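Residue-level structure breakdown
The primary structure of each chain is shown beneath.
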Amino acid sequence: MRRLIAAASLAALVASVAVRTAPAQAGPCGPLLTHPPLFQQVVPVASSVSCGAQAWPYGAKYSPNGDRLYVALFGGLVGNGGCRVQRLDPQSFAVLAEIPTGESPQDIALTSFPSGAVRLGFVTNSSASSVTVFNAQDAVVATLPISVLPGAFYPTAFPTSLAVSPNQRHVYVSTSDGSGRVLAIDTLTLAFDPTRAIHLGAGHTATRMVFAGETLIICGAQGTPSFTGSTAKVFAVDPLAPTLVRELVLGSANNTFLFPTVQDCAVACDGLVWVAGFDLGAKVFAIDPRALAVRHVVPTLTSQPNGKFNALGLSPEGWLVVGDLFTHEISVISTRRRGVRAVIDSFQLPATLASVQELEFSPQGDKLIATWAGTNNLTVFDL
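Reference entry: report on the structure contained in this document. (Residues numbered from 1 in each chain as written. Predicted model: local features only at pLDDT ≥ 70, side-chain atom pairs only at ≥ 80, totals over all residues. Heavy atoms only, no water.)

Points about the overall build of the protein
- When you go through the protein residue by residue, the secondary structure sums to one helix and 29 strands.
- Structurally, the protein occupies a C-alpha span of about 50 × 45 × 40 Å along its principal axes.
- A total of 383 residues make up the protein; the buried ones form 60% of that total.
- Summed over its atoms, the accessible surface of the protein is roughly 13,800 Å², and 55% of this surface lies on carbon and sulfur atoms.
- Of note, the protein has its 23 positive side-chain charges centred 5 Å away from the centre of its 24 negative side-chain charges. (Helix = DSSP H or I, 4+ residues; strand = E, 2+ residues; numbered from the N terminus. Buried < 20%, exposed > 50% of the residue type's maximum accessible area, 1.4 Å probe, protein only. Areas by Shrake-Rupley, 256 points an atom, 1.4 Å probe, with all protein chains shown as cover. Lys, Arg positive; Asp, Glu negative; His and termini not counted. Charge placed at Lys NZ, Arg CZ, Asp CG, Glu CD.)

Following this line, the structure appears as structure tokens:
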């Protein structure tokens, strides 16, 4: 999963910019950009109520028109998780509201009106095995429980991430409990729609998801029965035919203390899906969602050779950013040039930052938000 829980469920895993150039190939996407993200400020994060031992900011989501910014305070793992989503002023980053959730809120998705104003918000509660639904008035309107597998070690299905269908009729929910379930919420009835449920197969973990046109792209992995390794996979599903699941393998390992997992993904303006993950090397992949084939591989120049990429974001203008959970570095890649433009070492910024969880661009592409669970901060970058 973007994400720490995916690695944990597989194997209990737990403006100073250094520019390093790499060979680049010209591509069709976006304008020629002039500079990478520039550090602006650090915003400390805390809840007004007791929600776990720390805030642990995780998911971050702008409204489509950019007038709202939501941040999930994950708080910690099972038994020590958070219980709030905060709504921040997108300019001052002051807390305007706190929305109660289940334990360990993680990912946030929004449906909206044609104006871009928020209609409904959805939050995965990883440790509570549920999804919280709230409205534009910051009031909870539904809580949808997700069943737990019989005999499961943890009392949760680890709902992880969310993806909104292009027509906004369904919100898809991934699970990281090894059941391979991807569930679908009907946004009109606010109930699960069993006719749209997707089953990746036993032993599979689903992490981040994104729609490429009408195709749902699911990132994840298949763990070995003994939890000694995994196979990183990308899946493609037509939601109208949820039983037909195509898959692409990006890497595999066993008994090597490596657990290949595709953690995060984003769609570029040329339709390619960029993905990154754990233990796939210090590189990112551009995938053609129709052929479900790798089209480009770009090195990140980060210092961890295996790659522990936990967060990925893509700006409207074509900046691709990917964060390494272990080294605390953010690689900045031009999707037009298909090469690294910069590596931001968070330890060189004027604050202590660790364990990047989310990279979220504003709809206008003028700001980048990074959440740092290890130090309870948000970082704001200007573009």
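After that view of the structure, there is still more to cover.
Details of the layout of surface pockets
- Empty space within the largest pocket amounts to approximately 1,000 Å³.
- Lys 61, Val 210, Ala 266, Leu 314 and Glu 360 are the residues nearest the centre of the largest pocket, which is lined by 35 residues in total.
- Of all the secondary structure elements, the ones that give two or more residues to the lining of the largest pocket are strand S2 (57–62), strand S6 (105–112), strand S10 (159–164), strand S15 (204–212), strand S19 (261–267), strand S23 (309–314) and strand S27 (356–361).
- The element contributing the most residues to the lining of the largest pocket is S6, with five residues. (1 Å grid on protein atoms, 1.4 Å probe; cavity = no way out; pocket = protein on both sides within 12 Å on 5 of 7 lines; lining within 4 Å. Points joined across faces, edges and corners; volume = space filled by probe spheres on them.)

Remarks on the pairing of strand S29 (residues 377–382)
- Taking burial as the measure, the six residues of S29 include five buried ones, the bulk of the element.
- With six bridges connecting them, strand S28 (residues 367–372) and S29 associate as antiparallel partners. Its bridge partner lying in S29, Leu 368 is registered against Phe 381.
- Taken together, S28 and the strand that follows it, S29, pair antiparallel across an intervening segment of four residues, in which Asn 376 is found at a positive phi of about 55 degrees. (Pairing = 2+ DSSP bridges.)

Some points on unusual backbone geometry
- Backbone geometry places Leu 301, a non-glycine residue, at a positive phi of 65 degrees.
- Of the residues examined, Leu 301 reaches a relative accessible area of 27% and is grouped as partly exposed.
- Backbone geometry at Arg 338 places phi at a positive 55 degrees, although glycine is not the residue there.
- Here Arg 338 shows up in the loop between strand S25 (329–334) and strand S26 (339–345).

Here we look at a nonpolar patch on the surface
- Together, Val 78, Phe 153 and Tyr 154 make up a nonpolar patch on the protein surface, roughly 330 Å² of accessible area in all.
- Locating Phe 153 in the fold gives a position in the loop between strand S9 (140–145) and S10.
- For Phe 153, a relative accessible area of 74% translates into the label exposed. (Patch = residues over 30% accessible without salt bridge, like charges linked within 9 Å, V, L, I, M, F, W, Y side chains within 5 Å. Salt bridge = Lys/Arg side-chain N within 4 Å of Asp/Glu carboxyl O.)

A few points about the pattern of salt bridges
- One pass over the full model with this rule turns up 12 salt bridges.
- Note that Arg 208 is salt-bridged to Asp 264, the shortest N-O span being 3.4 Å. On the criterion of sequence distance, the pair formed by Arg 208 in strand S15 and Asp 264 in strand S19 is long-range, its members being 56 residues apart. Here Arg 208 matches Asp 264 in class, with each residue buried.
- We note a salt bridge from Lys 233 to Glu 247, for which the minimum N-O separation is 3.1 Å. Remark: Glu 247 occurs in strand S18 (residues 245–254) and Lys 233 occurs in strand S17 (residues 229–237); sequence separation between them is 14 residues.
- One salt-bridge network, held together by shared partners, links Asp 107, Arg 208, Asp 264 and Glu 358.

Quick notes on the packing of aromatic side chains
- Inspection of every chain in the model, using the stated rule, returns seven aromatic pairs.
- Ring plane angle 65 degrees and centroid distance 5.0 Å describe the contact between Trp 56 and Phe 74, whose orientation is recorded as edge-to-face. Taken together, the residues span a long stretch of sequence, with Trp 56 in the loop between strand S1 (38–44) and S2 and Phe 74 in the loop between strand S3 (69–73) and strand S4 (84–88) at a distance of 18 residues.
- When the ring of Tyr 154 is compared with that of Phe 158, the centres are 5.5 Å apart and the planes differ by 75 degrees; the resulting orientation is edge-to-face.
- Assessed through its relative accessible area of 38%, Tyr 154 is described here as partly exposed. (Phe/Tyr/Trp six-rings, centres within 6.5 Å; stacked < 30°, edge-to-face > 60°.)

Considering the sheet that holds strand S24 (residues 319–324)
- Taken in spatial order, the four strands line up as S23-S24-S25-S26 in an open sheet, and their pairing is antiparallel. Each of the sheet's edge strands pairs with one partner strand only, and the pair in question is S23 and S26. Neighbouring strand axes in the sheet, compared pairwise and without regard to direction, differ in orientation by 20 degrees on average.
- When S24 meets S25, the two strands line up antiparallel, connected through five bridges. Paired with Val 321 across the strands is Val 332, a residue of S25. (Axes fitted to C-alpha atoms, helices over the stretch in contact; angles between N-to-C directions.)

Section: the sheet that holds S1
- With respect to topology, four strands assemble into an open sheet ordered S1-S29-S28-S27, the strand pairing being antiparallel. The open sheet has two edge strands, S1 and S27, and neither has a second partner. Each strand axis lies, on average, 20 degrees off the axis of its neighbour in the sheet, ignoring direction.

Notes on the environment of Pro 305
- If you trace the backbone, Pro 305 turns up in the loop between strand S22 (293–299) and S23.
- Along the chain, Pro 305 and Gly 201 lie 104 residues apart, while their C-alpha atoms are 30 Å from each other.
- Non-local contacts of Pro 305, meaning those with residues more than four positions away in its chain, are made with Gly 281 and Ala 282. (Contact = heavy atoms within 4.5 Å.)

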